[in-house]
Structures are given as C-alpha cells and as structure tokens.
Amino acid sequence: MKILVTGGTGYIGSHTVVELQARGYEVIIVDDLSNSSIDVLDNIAKISGKKPLFEKFNLTDQEKTTAFFKLHNDITAVIHFAAFKAVGESVEFPLMYYRNNLLSLVNILQGMIDNNIRDIVFSSSCTVYGQPDLLPAREDTPVQKAASPYGNTKQICEEIITDTSISGNIRGILLRYFNPIGAHDSAFIGELPLGIPNCLMPYITQTAIGKRPFLRVWGDDYDTPDGTAIRDYIHVVDLARAHVIAVERLTGEKCKKSVEVFNLGTGNGFSVMEVIKSFERTSGVKLNYEIMERRPGDIVKVWADTDFANEELGWKAEKNLDEMTRSAWNWELALEKKK
Ligand code: UD1
C-alpha cells in the first residue's frame, strides 16, 4: 500500500514516514522544502534502509496537485502535514497562512475525490481548545474561537474535511496534537527549526549547545504549582506511531463515523520549569534561563484526556519526559557534530 505523506520531510512528517516504512508501507512524500531539507530523505533511509519517493511542489498549486494525483492514483491514503505553523508569523501574515493551509487542503481533497482515494489523516492541534474551562481536554471539549490565524486554519481545515465527508466519499481522522518534542532514538532525524525557535524544546537545546545565550521563561506568576505554564509534552515517535494506527483504522474499515477526532497527548501536564529540570537531569548541562513577562497569547495550562485514543485506537504514549528531553539533546549534539 502506498501512502502519501505531505510535509513528509518536516519534523513530525519524517518520524511518521519511518514508522510507516517499518510497517511495510510504501511512502511518497510531497513537500516544497520551504521549512525542511532534502537531506532528510537520506536520513530516513539511514534508519529504514529505504528512501521514500519524493516530489517537490507546493500543494496550493492546483494544476500540479491535480497532475500529481492523476499520476499516483494508486495511493491508498493521505496523511496531510504540510502547513505553516508559526503562531506569531500567522498574526503578521494572515493571508499567507489562509492561502497556504486552506488551499493545499482543498486541492488535496479534490485530487482524492477525482481519483477515488477515500482516506485522510489530518494534522490538527490542541490549539483548537484554547484555555479549556475543564481539564483534561476531551475531544468533545468545546472548540473555542481561535487566538491566531494559524489556530483558525486548523479549525477551518477540520470543518473542510467534515463538510467534504458529508457530500463526497471522504473519510477522515483528525489528530489533535498536544506539544510534540524529542527526536528519533537514532538521532538521524529531529526538529530543524529555521532561524530562532519559537517552541520551548528546541530553544532549550540550542541554548545548552551555545547557539542562544539564555532561555526566556515566559512568566512564573501563573496559577500553577511553580508559577510556570503547563503543557502536555509528547514524544514525536509516540505521535508518529499513532498516525500509522489511524491509517489502518481508516483502511481497515474500523471507523465508527466518517470523521473521527482523537487527542494525541500523554495525559500528563508538565510546567516549563519541570521541562528545564528534566533537560538538566538527562543532559547533565546546567541551563541559562531568565524569567520574563508572560508571552502574549499563551494559555495557562492544558493537557489531554487520552481515554478515547487509548480505547479506540489501542494506542498509548509510552515515552516519559526524560526520554523526550534526552532524545532532543542527542539530536542537538548530532547536529553539532555534522557542522
Ligand atoms: C504552540 C502553539 C500551538 C501548537 C504547538 C505545537 C502557540 C500559542 N501555540 O504551543 O498552536 O500546536 O505549539 O507545538 O504558540 N516557552 C518559554 N520560553 C520559550 C518558548 C516557550 O517559556 O522560549 C513556554 C511557553 O510560554 C509555553 C511552553 O513553553 O508555556 C510551551 O511553548 P511552545 O513550545 O511555544 O508551545 P505552545 O505555545 O504550547
């Protein structure tokens, strides 16, 4: 079976490709390499022994997307990662985000319908919950008005898939990720942020390796035990495994509805300070950090109710916080060695 992975050279995409290959799937990646490197293909092959098929183009190009699907109408299912994902940038350039994230999905769904490809797994986010009134966040926790154009594209994409499933022959699984961190144990693939990272984990490892002078901890006066904000960090390999299970649920006719939604988290919340302590423990490096004002737009705390994913998908995140921070550090060290 051939699986299309859009954004397959990116962070979560590349880890998912490796898991798909390990289960015997043939993978074809479409990526415009706007936020990833072609070298990822060789690094995937170092792990799996197999270089995935690859086509470079931007999925907002309808002609190219149509031609692609016509040529590859033997695709069994699509996992759609390709999207812009920086919250701050989306506030500055909203149309860039709406154009890229929405048009690519529309073109993909059209290509699927035209070629009788039914199944899609979509990369969504816990950002759709905003700051929930009740924790942990369940899949039926009300979706709140998005705080950024990025978040809004995730909500609209969920709606586009749902609407399309009603009229077209499309089935979807929407995976709402909490905070993916860490890297593959081999340290051949990992997160490669372009420029200054926004997210916590790459900022920590880049500070520890000396690329950044210090980490800014955004606020220590939140209503949490140590005052820093709480998130549900999940190892990217655990997350990647869930995509293979989602594909098999769709293709194996196990879905109970035409569109299903699952939270992908560990169910545990950790504060920024707890992540820093875990990192110091697993790396043996003392981290420079300073407490700053709160970051605008940040929520106080969120973590996942994972019961539905555990029961229905038969999937559970297995790796703990120390395994996440250790693998993130090993990846940073591997990047440093390559220089
Ligand atoms: C961000 C996105 C979210 C996306 C998720 C996936 C926002 C508002 N949301 O979540 O939509 O799905 O990534 O990865 O950006 N922190 C610091 N110093 C730093 C960086 C982060 O203290 O230099 C803190 C943040 O304030 C936050 C925590 O670390 O409390 C996690 O931040 P981050 O990694 O940026 O993720 P989120 O903001 O939770």
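Residues numbered from 1 in each chain as written. Predicted model: local features only at pLDDT ≥ 70, side-chain atom pairs only at ≥ 80, totals over all residues. Heavy atoms only, no water.

**As for the packing of aromatic side chains**
The final tally for this structure, using the stated rule, is six aromatic pairs. With a centroid separation of 5.7 Å and 50 degrees between ring planes, the pair formed by Phe57 and Phe68 is classed as tilted. Of the two residues, Phe57 is situated in the loop between strand S3 (53–55) and helix H3 (62–71) and Phe68 in helix H3; the sequence distance between them amounts to eleven residues. Here the aromatic residues Phe57, Phe68 and Phe69 are joined through ring pairs into a cluster of three or more. (Phe/Tyr/Trp six-rings, centres within 6.5 Å; stacked < 30°, edge-to-face > 60°. Helix = DSSP H or I, 4+ residues; strand = E, 2+ residues; numbered from the N terminus.)

**Some remarks on the domain arrangement of the protein**
Many analyses report the size of an interface as the accessible area lost when the parts associate. Domains assigned within the protein are domain 1 (2–181 + 233–264) and domain 2 (200–231 + 267–334). Placing the centre of domain 1 and that of domain 2 at their C-alpha centroids yields a distance of 24 Å. Counting from both sides, the interface comprises 25 residues of domain 1 and, opposite them, 26 residues of domain 2. In this assembly, domain 1 packs against domain 2 so that about 2,600 Å² is buried in total across both faces, 67% of it on carbon and sulfur atoms. Contact with domain 2 buries area across many residues of domain 1, yet Ile181, Tyr233 and His235 alone supply 28% of it, more than any other trio. On inspection of domain 1 and its partner domain 2, the count reaches three salt bridges. Summed over the shared surface of domain 1 and domain 2, the number is twelve residue pairs in polar contact (both at pLDDT 80 or more). Those elements giving two or more residues to the side of domain 1 that touches domain 2 turn out to be strand S7 (179–181), strand S10 (233–235), helix H8 (236–251) and strand S11 (259–264). No other element matches the six residues that H8 contributes to the side of domain 1 that touches domain 2. Of the residues belonging to the side of domain 1 that touches domain 2, the class tally is 14 nonpolar, five polar and six charged. (Domains from an automatic or database assignment. Contact = heavy atoms within 4.5 Å. Buried area = accessible area lost by both parts, 1.4 Å probe. Salt bridge = Lys/Arg side-chain N within 4 Å of Asp/Glu carboxyl O. Polar contact = N/O pair within 3.5 Å; in protein donor to acceptor, adjacent residues only side chain to side chain. Nonpolar A, V, L, I, M, F, W, Y, C, P; charged D, E, K, R; others polar.)

**Focus on the sheet that holds strand S6 (residues 171–177)**
The seven strands lie next to each other as S3-S2-S1-S4-S5-S6-S11, forming an open sheet whose pairing is parallel. In this open sheet, the two edge strands, each paired with only one partner strand, are S3 and S11. Neighbouring strand axes in the sheet, compared pairwise and without regard to direction, differ in orientation by 20 degrees on average. Here strand S4 (residues 75–80) pairs with strand S5 (residues 119–125) via four bridges, running parallel. Residue pairing in the sheet places Val78 in a bridge with Ile120 of S5. (Pairing = 2+ DSSP bridges. Axes fitted to C-alpha atoms, helices over the stretch in contact; angles between N-to-C directions.)

**A closer look at the nonpolar core**
Formed by 37 residues in total, the largest nonpolar core has its most connected members in Ile3, Leu20, Leu175 and Trp315. Take this core: its biggest share by element is eight residues, from H8. Counting only domains with at least three residues in this core, you end up with domain 1 (2–181 + 233–264) and domain 2 (200–231 + 267–334). Leaving out residues up to four positions away in the same chain, Trp315 has contacts with Ile234, Asp238, Arg241, Ala242, Ile245, Asn263, Leu264, Gly265, Ala309 and Asn310. Leu109, Ile117, Val259 and Val261 belong to the second largest nonpolar core, which has 25 residues in total. (Core = buried A, V, L, I, M, F, W, Y, C linked by side-chain atoms within 4.5 Å. Buried < 20%, exposed > 50% of the residue type's maximum accessible area, 1.4 Å probe, protein only.)

**Points about the site of the ligand**
Around the ligand, the structure places 20 residues, and the nearest of them are Ser125, Leu200, Arg216, Arg231 and Asp298. Interatomic distance of 3.5 Å between a backbone N/O atom of Asn198 and an oxygen atom of the ligand. Here an oxygen atom of the ligand and a side-chain polar atom of Arg295 are 2.9 Å apart. Burial of the ligand by the protein amounts to 86% of the accessible area it has alone, namely 730 Å². Looking at the shell around the ligand, the elements that each hand over two or more residues are S7, helix H7 (200–209) and strand S8 (215–218). Sort the elements by how many residues they give to the shell around the ligand and S8 lands first, with four residues. Taken together, the residues of the shell around the ligand sort by class into twelve nonpolar, four polar and four charged. (Near = heavy atom within 4 Å. Areas by Shrake-Rupley, 256 points an atom, 1.4 Å probe, with all protein chains shown as cover.)

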